[in-house]
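# Breakdown of the fold
Listed below, chain by chain, are the residues.
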Amino acid sequence: MAALVSPQTFEACKQAAGIAGNIFAFGLFVSPIPTFRRIMRHQSTEQFSGIPYVYALLNCLICAWYGCPFISYDNLLVTTVNSVGAVFQLTYIIIYITHAEKNQKFKMSGLLLAVFGLFAVIVIGSLLVTDLELRHLIIGFLSCATLISMFASPLSVMNLVIQTRSVEFMPFYLSLSTFLMSTSFLLYGIFNFDPFIYIPNGIGTILGIGQLALYFYYNNQSKQETREPLIESIA
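Residues numbered from 1 in each chain as written. Predicted model: local features only at pLDDT ≥ 70, side-chain atom pairs only at ≥ 80, totals over all residues. Heavy atoms only, no water.

## Points about the overall build of the protein chain
For the protein chain, the count of helices and strands is 9 helices and 0 strands. The order of helices and strands in the protein chain, counted from the N terminus, is α-α-α-α-α-α-α-α-α. The long-range fraction of contacts in the protein chain, counting pairs at least 24 apart against all pairs at least 6 apart in sequence, stands at 75%. By element, 71% of the accessible surface of the protein chain is carried by carbon and sulfur atoms, the whole surface being about 13,100 Å². Here the protein chain contributes 11 positively and 11 negatively charged side chains, and the mean placements of these two sets differ by 11 Å. (Helix = DSSP H or I, 4+ residues; strand = E, 2+ residues; numbered from the N terminus. Contact = heavy atoms within 4.5 Å. Areas by Shrake-Rupley, 256 points an atom, 1.4 Å probe, with all protein chains shown as cover. Lys, Arg positive; Asp, Glu negative; His and termini not counted. Charge placed at Lys NZ, Arg CZ, Asp CG, Glu CD.)

Now the structure itself:
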């Protein structure tokens, strides 16, 4: 691909894909805001789980570290997007801990400390690896694994949509943001010749297409079902 276009055009396409990925990722980061507004309004975490945000924080930290020059070359846009994501996830966790019951406060605080402890071990351990290629491979596989597991997490929601034949629990804009972000970073990874970016985001793109397909299918089906009784009543 690089031989067919000028290096300047190639670099511009890569940067455009990375910037687009950062923008679309912002849509994902702000999507839990209504949930946390509800928590703050009710002064209770109710039945909401804080564990997904702890896991998302760990994922953002590892991926942000992977994008650093210490680990990989020319992946600074990966660091920026995941650094912003880590700030959002940490904010959500703090809000959750503040409004959680006593036992949940201890549990979430312990998980948060465990995440920072694990991340510290990963950072220090990787810096102790003097072979730069080996360091890149180790953190690359870690970031790839956490990203794939993050993208796979909506599979349970997709299964719920199929079982209930309702898209109530799969918001459209969240699915769209996931698809657009994954596609952008898929292109960014391809332009940067980085399999640790394009493989997980390629999987994310496929799952995003699946989510959107399910949404349109069951959303249209529910609209048809709500129209049918009206037609029958007229007849």
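From this point, the narrative continues.
## Quick word on the pattern of salt bridges
Enumeration over the complete set of coordinates arrives at 3 salt bridges. A salt bridge links Asp-74 to Lys-14, with the shortest nitrogen-to-oxygen separation between them at 2.1 Å. Placement of the pair is Asp-74 in the loop between helix 3 (51-66) and helix 4 (76-99) and Lys-14 in helix 1 (residues 7-30), with a sequence separation of 60 residues. A residue is classified by how much of its surface remains accessible, and Lys-14, at 3% relative accessible area, is buried. What you see here is one network of salt bridges that share partners, running through Glu-11, Lys-14 and Asp-74. (Salt bridge = Lys/Arg side-chain N within 4 Å of Asp/Glu carboxyl O. Buried < 20%, exposed > 50% of the residue type's maximum accessible area, 1.4 Å probe, protein only.)

## Comments concerning the nonpolar core
Core analysis: the biggest nonpolar cluster contains 47 residues, and Phe-36, Leu-57, Trp-65, Ile-93, Phe-185 and Tyr-188 have the highest contact counts within it. Residue assignment for this core shows that the elements contributing at least two residues are helix 1, helix 2 (33-42), helix 3, helix 4, helix 5 (102-128), helix 6 (132-152), helix 8 (172-191) and helix 9 (195-234). Apart from residues no more than four positions distant in its own chain, Phe-36 is found in contact with Tyr-53, Tyr-92, Ile-95 and Tyr-96. Within the second largest apolar cluster, 7 residues are counted, among which are Val-167, Met-170, Leu-214 and Tyr-218. (Core = buried A, V, L, I, M, F, W, Y, C linked by side-chain atoms within 4.5 Å.)

## Considering the environment of Gln-43
Residue position: Gln-43 is located in the loop between helix 2 and helix 3. According to the relative accessible area criterion, Gln-43 is exposed, its value standing at 55%. For the pair formed by Gln-43 and Tyr-96, sequence separation is 53 residues and the distance between their alpha carbons is 9.7 Å. Among the polar contacts made by the side chain of Gln-43, one reaches the main-chain carbonyl oxygen of Met-40 at a distance of 2.7 Å. (Polar contact = N/O pair within 3.5 Å; in protein donor to acceptor, adjacent residues only side chain to side chain.)

## Remarks on the environment of Leu-127
On the secondary structure map, Leu-127 appears in helix 5. The spacing of Leu-127 and Ile-71 is 56 residues in sequence and 8.8 Å in space, taken between C-alpha atoms. Leave out the neighbours within four places in its chain, and Leu-127 touches Trp-65, Phe-70 and Arg-135.

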